[in-house]
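The residues making up each chain are set out below.
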Amino acid sequence: MSIPSAGRADVAGGATREDLAAWDHEFRDVCARLDGLFYRTDSRAHARHYVRGLIAPLERKNGWTIAEYSGDPEPKALQRLLNLWPWDADEARDLVRVYAMDHFADPRGVLIADPTGFAKKGNKSAGVQRQYSGTLGRIDNCQIGVFLAYVNTAGDRVLIDRELYLPDESWCADPRRRAEARVPEKVTFATRPKQVQAMIARAVVAGVPFAWFAADEEFGQNPGLRSYLEAEGIAYAMAVEVHPERWTGAYTVQAAAASDRS
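Residues numbered from 1 in each chain as written. Predicted model: local features only at pLDDT ≥ 70, side-chain atom pairs only at ≥ 80, totals over all residues. Heavy atoms only, no water.

### Details of the packing of helix α8 (residues 192-205) against helix α10 (residues 223-231)
It is the contact of α8 with α10, at a shortest axis distance of 9 Å, that shows an interaxial angle of 20 degrees. With respect to their mutual orientation, α8 and α10 come out roughly parallel. The two elements α8 and α10 cross, and the hand of that crossing is right-handed. Residues Pro193, Val196, Gln197, Ile200 and Ala201 of α8 form the contact with α10, whose participating residues are Gly224, Leu225, Tyr228 and Leu229. (Axes fitted to C-alpha atoms, helices over the stretch in contact; angles between N-to-C directions. Helix = DSSP H or I, 4+ residues; strand = E, 2+ residues; numbered from the N terminus. Parallel < 35°, antiparallel > 145°, perpendicular 65-115°, else oblique. Left-handed = near helix turned anticlockwise from the far one by under 90°. Contact = heavy atoms within 4.5 Å.)

### Structural notes on the packing of aromatic side chains
This structure, assessed with the given rule, holds three aromatic pairs. Taken together, a centroid distance of 5.7 Å and an interplanar angle of 45 degrees make the contact between Phe38 and Trp87 tilted. Taken together, the residues Phe38 in the loop between α1 (17-34) and α2 (41-54) and Trp87 in the loop between α4 (76-83) and α5 (89-104) connect sequence positions 49 residues apart. Considering the side-chain rings of Tyr165 and Phe189, the 6.2 Å spacing of their centres and the 65 degrees angle between planes classify their relative orientation as edge-to-face. (Phe/Tyr/Trp six-rings, centres within 6.5 Å; stacked < 30°, edge-to-face > 60°.)

### Re α1
Helix length check: α1 (18 residues) gives 26 Å between terminal C-alpha atoms against 26 Å at 1.5 Å per residue, within 8%. Within the span of α1, buried status applies to Asp24, Phe27, Cys31 and Leu34. Considered in projection along α1, the buried side chains sweep an arc of 80 degrees and stay on one side of the axis. On its buried side, α1 packs onto α2 and α5. (Expected span 1.5 Å × (residues − 1). Buried < 20%, exposed > 50% of the residue type's maximum accessible area, 1.4 Å probe, protein only. Arc of directions from axis to C-beta.)

### A closer look at the pattern of salt bridges
Throughout the structure, instances matching the rule amount to 17 salt bridges. One salt bridge in this structure joins Arg93 and Asp94, with 3.0 Å as the shortest N-O distance. Take Arg93: its relative accessible area is 10%, and that puts it in the buried class. Note that Glu218 and Arg192 form a salt bridge whose closest N and O atoms lie 2.6 Å from each other. Linking Glu218 in helix α9 (residues 217-220) with Arg192 in helix α8, this pair joins segments that are 26 residues apart in sequence. Connected through shared salt-bridge partners, Asp90, Arg93, Asp94, Arg97, Asp161, Arg162, Glu163 and Arg202 make up one network. (Salt bridge = Lys/Arg side-chain N within 4 Å of Asp/Glu carboxyl O.)

### What about unusual backbone geometry?
Positive phi, close to 60 degrees, is recorded for Arg182, a residue that is not glycine. Its location among the elements puts Arg182 in the loop between α7 (175-180) and α8.

### A few points about the side chain of Asp140
Tracing the backbone through its elements, the reader meets Asp140 in strand β3 (residues 138-151). Asp140 gets classed as buried once you look at its relative accessible area, which sits at 18%. Within the structure, Asp140 has its side chain in polar contact with the side chain of Arg138 (distance 2.9 Å). Among residues more than four places away in sequence, those in contact with Asp140 are Gln129, Arg130 and Gln131. (Polar contact = N/O pair within 3.5 Å; in protein donor to acceptor, adjacent residues only side chain to side chain.)

### Some words on the packing of α1 against α5
Interaxial distance between α1 and α5 falls to 10 Å at its minimum, and their mutual angle equals 140 degrees. Put simply, α1 runs oblique to α5. Judged by the sense of rotation from one axis to the other, the crossing of α1 with α5 is right-handed. Packed against α1, whose contacting residues are Glu26, Asp29, Val30, Arg33 and Leu34, the element α5 presents Leu95, Val98, Tyr99, Asp102 and His103 at the interface. Here the residues of the contact of α1 with α5 are counted per class, giving five nonpolar, one polar and four charged. (Nonpolar A, V, L, I, M, F, W, Y, C, P; charged D, E, K, R; others polar.)

### Here's the deal with the pairing of strand β6 (residues 235-240)
Burial of β6 is extensive: six of the six residues sit out of reach of the surface. Neither face of β6 is exposed, since Ala235, Ala237 and Ala239 on one face and Tyr236, Met238 and Val240 on the opposite face are all buried. Examined bridge by bridge, strand β5 (residues 212-215) and β6 share four bridges and lie parallel to one another. Bridge pairing in β6 links Trp212 to Ala235. (Pairing = 2+ DSSP bridges.)

So, to be careful, I would describe these as geometric facts and stop short of saying anything about function.
Printed below as a string of structure tokens:
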């Protein structure tokens, strides 16, 4: 990114040249943290192009639009980066979490779990099938990603972990389909509450400071996740299923507080 000479004159969007210079410096710092994931200098350059494209104000973001934004005539290089070149996505996740904690850590922070649906065409994308998505508000052909967000008391929000939900019978138990989508052998079936439990455990091991955990009904009605949180002394507030014969109102929130996190 080329930055104009420093000054207080406003540029597009109300930002100043100094703002742009600071943002560019921060972007370069983030990319420098990720450089160690890649063995080749060209893959590092393509990774920077990809990240820049993801945060660009593009109406649609896909391989073609990001490649064009980066000045490439076609998306083959970016596709090789994502599909063929060796780099560790879990290590990238950990680097992002460290970066987030450098800027947003708060002992009164909150971990929030939420599944998100991504509409898809066809049946080749890993985990895709017809399934209910709260994001889409219907049963549709989609992938489901499970995400763990971190929110501090200043109102900053950032994603620090993720898992792709891989359905059991249609994916985990189908070796041919797994191989075509290049699903690693180590990946086994896990329910979405189990995936959330694993993400919370990773946050705890990494020393992420937080006061409690929150989630919607899908996770609140899971006894295994509730038992895990209570056993670990993690305070939580989760929606639970409504039973009209017992309760009134749209939903009930159940909270369990632990002395070491109160």
